[in-house]
Amino acid sequence: MAGLLQALVRASEKGAHIARLCRREESLFQLLVAEKTGTDRTRRVLPDFKTLADVLIQQVVRHDLGKEFPELQGHIYGEESNEFPTVRGDTVTVKVCATPEDTAALLFSVLDPSRAAAELLADAAHQDVVLSDAVLAAVELDIPVQDLAIWIDPIDCTSEYITPQDRAVAVDGIAPGGLRTALVLIGAYDRYTGCPVMGVINQPFFHRDIPTHRWEGKYHWGVAYRDTRLSSESLPASPRSTPCVVLSHGEAEDVREALESIGGMQLRFAIGCGYKMLCLLEGLVDAYVVSEGSTFAWDTCAPHAILRALGGGVVDLQSSLRARRAGEPGPPPELVYNRPLEGEVGAQRWANKGGLVAYVQPQHLEAALAAL
């Protein structure tokens, strides 16, 4: 089963390479953006876009995992439709074909007249990824693959990924936006209970090499299954004297005031659900709060698994508040990933409708819920 964890990391590394490749080729980048419509469009403040990089990364992950683990076929889900508009105005179903030549021919129908770009992307989709990670190679697991399903967010925070200029400057280690917030997220969950058990967060744009001006990436992983708790991350050595909460820039004013004035917490702001949860994993903040249903299963599944590996979690905010007000005993209800919302269509079926609180230390969860 450790082979699945390594496969998730390899798939994320291939996706990160494709993301960097699309940014690096200017002629290709200009062709990437296609605005989502209909039920594919999510209800967010910023414009929501689908890019060829999104679609191709998702299909590469789906192809590679399904090929290596046939038990997962039919149980690998993603944010994006693989239908992509061509420059001629028709639609192509993007997929990884049997050979690089066949994949290039399919991509050329989208990228016409840029045959070189299609061939470059096809080669990246078919390349073998070799990991040189001794810690990851030493992981031994016993988790039945046939019980799992996968959520993919091929490029979380697409709006920042497609921004031509990246001038975001980190504040207290937290990037308010920019390429650093664009992540590849792959999470595995128990298809019967919905509980997240394995997650990989890949930062394609972790560090920019000054001499070459090229971006270098970094990945993070975690496993939380029964009594097994393993992660590439670790808890901070000492807690902050004043807890710190990260929010979206558009978070409701009453939520800000409650956390700051009643809860006595410091507030930080960033963009992207996956990135804000990564800030929590890296110890830059102590909690992440979302008061509305603006995040989705593919945003939270992978980070949730890593948080569980560290002893934390992600709870449904509204359900947790109702339980507290009613005096119900027991832990707050965690998010699960196998239950679409009734009465919703398209992407909204998988919204975390009640908002969320993500945390590592239980006392920070309790503090946030008490304040709210």
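Definitions and cut-offs
- Residues numbered from 1 in each chain as written.
- Predicted model: local features only at pLDDT ≥ 70, side-chain atom pairs only at ≥ 80, totals over all residues.
- Heavy atoms only, no water.
- Helix = DSSP H or I, 4+ residues; strand = E, 2+ residues; numbered from the N terminus.
- Buried < 20%, exposed > 50% of the residue type's maximum accessible area, 1.4 Å probe, protein only.
- Areas by Shrake-Rupley, 256 points an atom, 1.4 Å probe, with all protein chains shown as cover.
- Lys, Arg positive; Asp, Glu negative; His and termini not counted.
- Charge placed at Lys NZ, Arg CZ, Asp CG, Glu CD.
- Axes fitted to C-alpha atoms, helices over the stretch in contact; angles between N-to-C directions.
- Parallel < 35°, antiparallel > 145°, perpendicular 65-115°, else oblique.
- Left-handed = near helix turned anticlockwise from the far one by under 90°.
- Contact = heavy atoms within 4.5 Å.
- Nonpolar A, V, L, I, M, F, W, Y, C, P; charged D, E, K, R; others polar.
- Core = buried A, V, L, I, M, F, W, Y, C linked by side-chain atoms within 4.5 Å.
- Phe/Tyr/Trp six-rings, centres within 6.5 Å; stacked < 30°, edge-to-face > 60°.
- Lys NZ or Arg CZ within 6 Å of the ring centre and 35° of its normal.
- Pairing = 2+ DSSP bridges.
- UniProt positions renumbered as here; feature names shortened; annotations may be inferred.
- Polar contact = N/O pair within 3.5 Å; in protein donor to acceptor, adjacent residues only side chain to side chain.
- Right-handed = clockwise from strand over helix to strand, strands pointing away.

**Brief notes about the overall build of the chain**
- A count of helices and strands for the chain gives 12 helices and 15 strands.
- Seen through its C-alpha atoms, the chain measures out along the principal axes to roughly 60 × 50 × 45 Å.
- In the chain, which comprises 372 residues, the share counted as buried stands at 53%.
- Accessible surface, the chain: about 16,100 Å² in total, of which carbon and sulfur atoms supply 49%.
- Between the centroid of the 34 positive side chains of the chain and the centroid of its 49 negative side chains there is a distance of 1 Å.

**Side note on unusual backbone geometry**
- Phi angles above zero are rare outside glycine, and Cys157 is one such case at about 70°.
- Positionally, Cys157 belongs in the loop between strand 6 (148–156) and helix 7 (158–161).
- The phi dihedral of Arg226 falls on the positive side, at around 50°, and the residue is not glycine.
- Exposure remark for Arg226: the relative accessible area of 69% places this residue in the exposed category.

**Observations regarding the packing of helix 4 (residues 100–111) against helix 5 (residues 115–126)**
- Between helix 4 and helix 5, the shortest axis-to-axis distance is 8 Å and the interhelical angle comes to 135°. The angle between helix 4 and helix 5 places the two elements in the oblique class. Judged by the sense of rotation from one axis to the other, the crossing of helix 4 with helix 5 is right-handed. Along its contact with helix 4, which presents Pro100, Thr103, Ala104, Leu107, Phe108 and Leu111, the element helix 5 presents Arg115, Ala117, Ala118, Glu119, Leu121, Ala122, Asp123 and His126.
- For the contact of helix 4 with helix 5, a count of residues per class yields nine nonpolar, two polar and three charged.

**Points about the nonpolar core**
- If you look at the biggest cluster of nonpolar residues, it comprises 63 residues, and the most contacted ones within it are Leu5, Leu107, Leu121, Ile150, Tyr161 and Met198.
- Of all elements in the fold, only helix 1 (2–24), helix 3 (52–68), helix 4, helix 5, strand 6, strand 7 (183–190), strand 8 (196–208) and strand 9 (215–225) reach the threshold of two or more residues within this core.
- Sorting elements by how many residues they give to this core places helix 1 first, with 10 residues.
- Among residues more than four places away in sequence, those in contact with Leu5 are Leu136, Val139, Leu141, Met198, Val200, Trp221 and Val223.
- Counting 38 residues, the second largest nonpolar core, distinct from the first, contains Ile201, Leu280, Phe296 and Leu310.

**As for the packing of aromatic side chains**
- Applying the stated criterion across every chain yields a total of seven aromatic pairs.
- Ring centres of Tyr189 and Tyr337 lie 6.5 Å apart, and the angle between their planes is 45°; this geometry places the pair in the tilted category. Residue Tyr189 is found in strand 7, and its partner Tyr337 is found in the loop between helix 11 (317–325) and strand 15 (356–359); the two are separated by 148 residues along the sequence. Like Tyr337, Tyr189 is buried.
- By way of ring pairs, the aromatic residues Tyr77, Trp151, Phe296, Trp298 and Trp350 are connected into one cluster.
- We note Arg115 situated over the ring of Phe108; from NZ or CZ to the ring centre the distance is 3.8 Å.

**Quick look at the pairing of strand 10 (residues 228–231)**
- Pairing of strand 9 with strand 10 involves four bridges; the strand directions are antiparallel. Residue pairing across strands places Val223 opposite Leu230, the latter belonging to strand 10.
- The antiparallel hairpin formed by strand 9 and strand 10 contains two residues in its connecting segment, where Arg226 sits at a positive phi of about 50°.

**What to know about the sheet that holds strand 13 (residues 287–290)**
- As summarised here, the arrangement of the five strands in space is 12-11-13-15-14, forming an open sheet in which the pairing is mixed. Whereas interior strands pair on both sides, the edge strands pair on one side only; in this sheet they are strand 12 (266–269) and strand 14 (313–316). Put simply, the sheet's adjacent strands are angled 25° from each other on average, direction ignored.
- Here strand 14 runs beside strand 15; their pairing, made up of four bridges, is antiparallel. Each residue of the ladder has a partner; that of Val315, found in strand 15, is Val357.
- Packing against the sheet, helix 8 (residues 253–262) makes contact with strand 11 (244–247), strand 12 and strand 13, and its axis sits at approximately 140° to strand 12.

**A look at the UniProt feature "binding site: Mg(2+)" (unreviewed entry) in the chain**
- Taken from the UniProt record, the annotation "binding site: Mg(2+)" (unreviewed entry) applies to Glu79, Asp153, Ile155, Asp156 and Asp299. These residues run over 221 residues, yet every pair of their C-alpha atoms falls within 9.7 Å of each other.
- By secondary structure assignment, the location of Glu79 is in the loop between strand 3 (76–78) and strand 4 (83–85).
- Looking at the secondary structure, you find Asp299 in helix 10 (residues 297–309).
- Note on Asp299: relative accessible area 0%, which makes it buried.
- Within the local environment of Asp299, its side chain forms a polar contact with the backbone nitrogen of Phe296, the two atoms lying 2.8 Å apart.

**Things to note about the pairing of strand 12**
- Bridging between strand 11 and strand 12 involves four bridges; their strand directions are parallel. Residue pairing across strands places Cys244 opposite Gln266, the latter belonging to strand 12.
- Assessed by its sense of winding, the connection that carries the chain from strand 11 through helix 8 to strand 12 is right-handed.

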